[in-house]
Amino acid sequence: MLEVTNAHKTFFPGTPNAVHALRGVDLKIERGSWVCVIGTNGSGKSTLLNAVAGGFLLDEGSIRIDGVDVSKWPEYRRAKLLGRVFQDPFSGTAPSMTLFENLALASRRGQARGLGLALNSTTQDELTKCVAEMELGLENRMDNPIGSFSGGQRQSLTLLMATLIRPRLLLLDEHTAALDPRSADQIIRLTKRSIEHDCLTTMMVTHSMQQAVSVGDRVIMMDQGKIVLDVSGPRKQRLRPRDLLAKFEELRRRQQLDETAADMLQTQYV
Ligand SMILES: Nc1ncnc2c1ncn2[C@@H]1O[C@H](COP(=O)(O)OP(=O)(O)O)[C@@H](O)[C@H]1O
Ligand SMILES: [Mg+2]
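Residues numbered from 1 in each chain as written. Chains lettered and ligands numbered in written order. Predicted model: local features only at pLDDT ≥ 70, side-chain atom pairs only at ≥ 80, totals over all residues.

## Some details on the site of ligand 1
In plain terms, the rule: In this text, near has one meaning. A residue is near a molecule or strand if its C-beta atom, placed using the backbone, is within 6 Å of it. What counts as a helix is a DSSP run of H or I of at least four residues, what counts as a strand is a run of E of at least two, and both are numbered from the N terminus. Three categories are distinguished: nonpolar for Ala, Val, Leu, Ile, Met, Phe, Trp, Tyr, Cys and Pro, charged for Asp, Glu, Lys and Arg, and polar for the others, with Gly belonging to the last.
Near ligand 1, the surroundings consist of Phe11, Val19, Ala21, Gly39, Asn41, Gly42, Ser43, Gly44, Lys45, Ser46 and Thr47. Secondary structure elements with two or more residues in the shell around ligand 1: strand 2 (19-29) and helix 1 (45-53). A breakdown of the residues in the shell around ligand 1 according to their chemical character gives 3 nonpolar, 7 polar and 1 charged.

Shown next, in the form of structure tokens:
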């Protein structure tokens, strides 16, 4: 379904600020798989998702979605295949538009622009039903501006909007990280339901080891722009947060050793 091959990306190349954010990432994701992506801050998780979404073009390597090479496609063209939810619950919706208007727009994603055609009564009934299915009691607030909803509610609605037109690939980038624990649990529950209901193929970046072990069928860990751990099948089912923490600790120790070795080499040769 998704095939990332030898992906390289350097930001600010050739300058003292150059960051080699992706260093040869190879990743194949099967249709219907739900992959949790973990890794320390700055390890390249968001960059990997952005590369897939077309936020920038790769320096090297390729990206295929359903067998089609989209490496050169601009972001807006790839957007028709993708659903995305980011960390900030206030970024995914238009605050001054009503809940219904936001959903109507999302339901027409990839089609001709303009609200006119979307605002008939069938659409209204269908969208109200979708909201009711979330069981958050928001179906009575279809005419309220989105700006009047809480962060957790808005993130639920952003998730609904991202999945309304069943995307080929759902990209979630720490979409529960800015929420209180109760809202985060609720979003995870809705995420699970939506993915299972529509058999969506999903990449979900999370900072929560608990989430990484408890949902999805595969976990990958990134470190310094590379995939350093890839666990699926029965091993994924047995995975515990402490296993992941142990891997983080191992990486940290190795990095310290590398730094010490580099220091020693430097002192030897000056
Ligand atoms: N648009 C960008 N411009 C410059 N540097 C970036 C950009 N996006 C990410 N980076 C850098 O690339 C590295 C990886 O970042 P990112 O993928 O956001 O990490 P993560 O999501 O794992 O925390 C970091 O050093 C970050 O500063
Ligand atoms: Mg990130």
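Having put the structure on the table, let's press on.
## Regarding the nonpolar core
Heads up, the rule is: Joined through C-beta atoms within 7 Å, a set of buried Ala, Val, Leu, Ile, Met, Phe, Trp, Tyr and Cys residues constitutes a nonpolar core. With C-beta atoms placed from the backbone, the exposure class of a residue follows from how many other C-beta atoms lie within 10 Å of its own: 20 or more, buried; 12 or fewer, exposed; in between, partly exposed. Domain delimitation follows an automatic or database domain assignment. Residues are treated as contacting if the C-beta atoms built from their backbones sit within 7 Å of each other.
In terms of nonpolar packing, the biggest core is built from 57 residues, with Val37, Val52 and Leu103 touching the most fellow members. Residues lining this core come from more than one domain, with at least three contributed by each of domain 1 (1-81 + 169-183 + 201-270) and domain 2 (92-166). Contacts of Val37, omitting those with residues within four sequence positions, involve Lys45, Met203, Met204, Val205, Ile220 and Met222.

## Side note on helix 6 (residues 181-198)
Since one α-helical turn is 3.6 residues long, residues separated by three or four positions face the same way. This is how it is decided: Expected helix span is given by 1.5 Å per residue-to-residue step, counting one fewer step than there are residues.
Compared with an ideal rise of 1.5 Å per residue, which puts 18 residues at 26 Å, helix 6 spans 26 Å between its outermost C-alpha atoms and is within 8% of the ideal. Buried within helix 6 we find Gln186, Ile187, Ile188, Leu190, Thr191, Ser194 and Ile195. In the core, the buried residues of helix 6 are packed alongside strand 3 (34-39), helix 5 (151-164), strand 7 (169-173), strand 8 (201-205) and helix 7 (209-214). One or two positions beyond helix 6, positive phi appears at Cys199, with a value near 50°.

## Quick look at unusual backbone geometry
Phi angles above zero are rare outside glycine, and Asn6 is one such case at about 45°. As for its position among the elements, Asn6 is in strand 1 (residues 2-11). Exposure remark for Asn6: the 13 C-beta atoms within 10 Å place this residue in the partly exposed category. In this structure, Glu135 takes a positive phi of about 60° despite not being glycine.

## Quick notes on the domain arrangement of the protein chain
The assigned domain composition of the protein chain is domain 1 (1-81 + 169-183 + 201-270) and domain 2 (92-166). For domain 1 versus domain 2, the distance between C-alpha centres works out to 31 Å. Counting from both sides, the interface comprises 6 residues of domain 1 and, opposite them, 6 residues of domain 2. Along the lines of polarity and charge, the residues of the side of domain 1 that touches domain 2 split into 3 nonpolar, 2 polar and 1 charged.

## Some points on the sheet that holds strand 3
Condition: For two strands to pair, DSSP has to find at least two bridges joining them. In this analysis an axis means a line fitted to C-alpha atoms, helices contributing only their contacting stretch, and an angle means the value between N-to-C directions, from 0 to 180 degrees.
Ordered by their spatial adjacency, 6 strands build an open sheet running 6-7-8-3-9-10, and the pairing between neighbours is mixed. A single partner strand is all that each edge strand has here, and the edge strands are strand 6 (82-85) and strand 10 (226-232). On average, each strand axis in the sheet is inclined to that of its neighbour by 15°, with strand direction left out of account. As defined by bridge partners, strand 3 adjoins strand 8 across 4 bridges and the pair is classed as parallel. In the strand pairing of strand 8, Val35 is matched with Met203. Across the sheet, helix 1 is in contact with strand 3, strand 6, strand 7, strand 8 and strand 9 (218-223); its angle to strand 7 comes to roughly 150°.

## Some points on the sheet that holds strand 5 (residues 68-69)
On the basis of which strands lie adjacent, the open sheet formed by 4 strands has the order 2-1-4-5 and antiparallel pairing. The sheet terminates laterally at strand 2 and strand 5, the two strands that pair on one side only. Sheet analysis places strand 4 (residues 60-65) next to strand 5, joined by 2 bridges and oriented antiparallel. Residue pairing for strand 5: Ile65 is matched across the bridge by Val68.

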